[in-house]
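What the coordinates show
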Amino acid sequence: SFIFIQDFSQAMSQAGSSQFQEVIRQELEYSMKVELDKILATAHSNEVEHTKKDLEGFKKLFHRFLQEKGPSVDWGKIQRPPEDSIQPYEKIKARGLPDNIASVLNKLVVVKLNGGLGTSMGCKGPKSLIGVRNENTFLDLTVQQIEHLNKSYNTDVPLVLMNSFNTDDDTKKILQKYSHSRVKIYTFNQSRYPRINKETLLPIAKDVSYSGENTECWYPPGHGDIYASFYNSGLLDNLIAEGKEYIFVSNIDNLGATVDLYILNHLMNPPNGKRCEFVMEVTNKTRADVKGGTLTQYENKLRLVEIAQVPKAHVDEFKSVSKFKIFNTNNLWIALSAIKRLQEKNAIDMEIIVNPKTLDGGLNVIQLETAVGAAIKSFENSLGINVPRSRFLPVKTTSDLLLVMSNLYSLNAGSLTMSEKREFPTVPLVKLGSSFTKVQDYLRRFESIPDMLELDHLTVSGDVTFGKNVSLKGTVIIIANHGDRIDIPAGAVLENKIVSGNLRILDH
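Chains are numbered independently. Their residues run from 1 in the order of the written sequence. The predicted origin of the model limits local features to residues at a pLDDT of at least 70 and limits the giving and counting of side-chain atom pairs to 80 or more, whereas totals for whole chains, interfaces and linings rest on all residues. Derived side-chain values reflect all non-hydrogen atoms in the structure, with water molecules and hydrogen atoms excluded from consideration.

The protein chain has the name UTP--glucose-1-phosphate uridylyltransferase in an unreviewed UniProt entry, where Chloropsis hardwickii is given as its organism. UniProt positions are given in the numbering used here, feature names are shortened, and annotations may be inferred rather than shown by experiment. UniProt, in the comment section headed Pathway (unreviewed entry), describes the protein chain in these words: "Glycan biosynthesis; glycogen biosynthesis." The UniProt entry for the protein chain carries the following text under Function (unreviewed entry): "UTP--glucose-1-phosphate uridylyltransferase catalyzing the conversion of glucose-1-phosphate into UDP-glucose, a crucial precursor for the production of glycogen."

Thoughts on the UniProt feature "binding site: substrate" (unreviewed entry) in the protein chain
With numbering aligned to this structure, UniProt lists the feature "binding site: substrate" (unreviewed entry) at His223. Helix and strand assignments follow DSSP, with helices taken as H or I runs no shorter than four residues and strands as E runs no shorter than two, numbered in order from the N terminus. Mapped onto the elements of the fold, His223 is located in the loop between strand E9 (218-219) and helix H8 (226-232).

Some details on the nonpolar core
Residue types Ala, Val, Leu, Ile, Met, Phe, Trp, Tyr and Cys, when buried and joined through side-chain atoms within 4.5 Å, form a set referred to as a nonpolar core. Only protein chains enter the area calculation, which uses a 1.4 Å probe; residues under 20% of their type maximum are buried, those over 50% are exposed, and those in between are partly exposed. Among the nonpolar cores identified, the biggest contains 107 residues, and Ile226, Tyr227 and Phe466 are the most heavily contacted of them. A total of six residues in this core trace back to one element, the largest contributor, which is helix H6 (residues 138-153). By the convention used here, residues are in contact when the closest approach between their heavy atoms is within 4.5 Å. When neighbours within four sequence positions are excluded, Tyr227 is seen to be in contact with Phe278, Ile334, Ile339, Gln343, Ile348, Met350, Val372, Ala375 and Phe379. Counting 27 residues, the second largest nonpolar core, distinct from the first, contains Ile204, Trp218, Val365 and Leu368.

Here we look at the pattern of salt bridges
Salt bridges, as used here, are contacts in which a Lys or Arg side-chain nitrogen is within 4 Å of a carboxyl oxygen on Asp or Glu. This model, assessed by the stated rule, comprises 26 salt bridges. The partner of Lys340 in a salt bridge is Glu344, and the shortest N-O contact between them spans 3.0 Å. In this pair, Lys340 and Glu344 both sit in helix H12 (residues 336-344), four residues apart, roughly one turn of the helix. Taking the relative accessible area as the measure of exposure, Lys340 reaches 24% and is therefore partly exposed. Between Asp441 and Arg444 there is a salt bridge, with the nearest N and O atoms lying 3.1 Å from each other. In this pair, Asp441 and Arg444 both sit in helix H14 (residues 439-445), three residues apart, roughly one turn of the helix. Judged by relative accessible area, Asp441 falls into the partly exposed class, the value being 23%. Several salt bridges converge on common partners, so that one network encompasses Arg64, Arg303, Asp349, Glu351 and Lys377.

Side note on the environment of Asp237
By secondary structure assignment, the location of Asp237 is in helix H9 (residues 235-241). On the accessibility criterion, Asp237 (31% relative accessible area) is partly exposed. Considering only alpha carbons, one finds Asp237 and Ser337, 100 residues apart in sequence, at a separation of 9.1 Å.

And the structure:
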């Protein structure tokens, strides 16, 4: 029994009786179950167990997807969070550190979300293996940071990588190079879910394989999958047995997400004696962050609201910097015992993110995903901490890469800090055009990274190259017209300049 539906949600809203809607839902779930059973039947004996777990998790998500209608928040119920539910970092830092900080550190595990590929920057393989600074990759910097911590305090903070089926093999190969470093490294894999044909709402995969032409049939379901995968891997229980109490979770491409001893101390030694199970680091929005998820008060709980959940009529209000002043950095501190308790009760509630994709052949599919921070409302005594912007330094594009490779930052024991020579604490706004999107092209266009200490704003468009020792100050806009090429000569100093078309240099 098979129903062909153009747009499921539309059909559901038009279907008069709830009885009829229920029939359609049941039909769709039944058809999905039949297809998933067929896929499972193609698994080799050594794959059956984990494939079954993956498909069970997917079925639960699909069931919820069919139940939920429209944006998942009622805008009228959204309130600003109470004053004390988001603490300023300065207040937490002012408490200082106890003498026994090593014993507190020994209760910590650092978890990095390492499921992403470097495709948006034109790289094959895991994003964490892209070189970001002096030949060091994201992963190198992470290991150096934790090793420095372990050596300085004589502790044993382990690193856990949540890989996806896209990044697991390449990451494991590279881990051998850290075998002599003073960091224990563990990995576990997030789930592998089938992509769904947008029109039929059935999986496009016909069997379990995910190589060759089947690579597009599967996807890792977002970082909200960490709770189930971490628990299912057995690693969560092992770490609890070793006496670990908190994880610090962050994206591996956020170079600002280093272990903060003041936040850790606040968690382990709370001023009111009541421990938080979940802390989300938030930071003040700038114009560049209007799409970031924000913390709100909703039905007496702290709740993360993402732009995808906002009814269309309220999107502008959501983006406004005046009403929602902060956004989620995705640096999270979570109690291991709480993850175990909630996972065993099946009580972690995260909104479903429906992510539409178009495959190379033109087929429209959807991916059902969840976000790790959305679980905040399921934990007890959650807290937001408003941290300095320096703890949010993500490298999503080559424009970001230019900033972290430049003299704006100095590198020490794997951590990047803003150079003391920069007079403003804010980062310049950098927009590199499409000729710079791929890392290889970007590197080819800079003979050396320009001096950017006094830069406020850089826009580059078209076929532009930079010679050695160029210095950029103030606002610099360089636009090569189609068919033209601009070579900024070695040693050039551009201060408040617009360089256009045929290398005319004008005052800005």
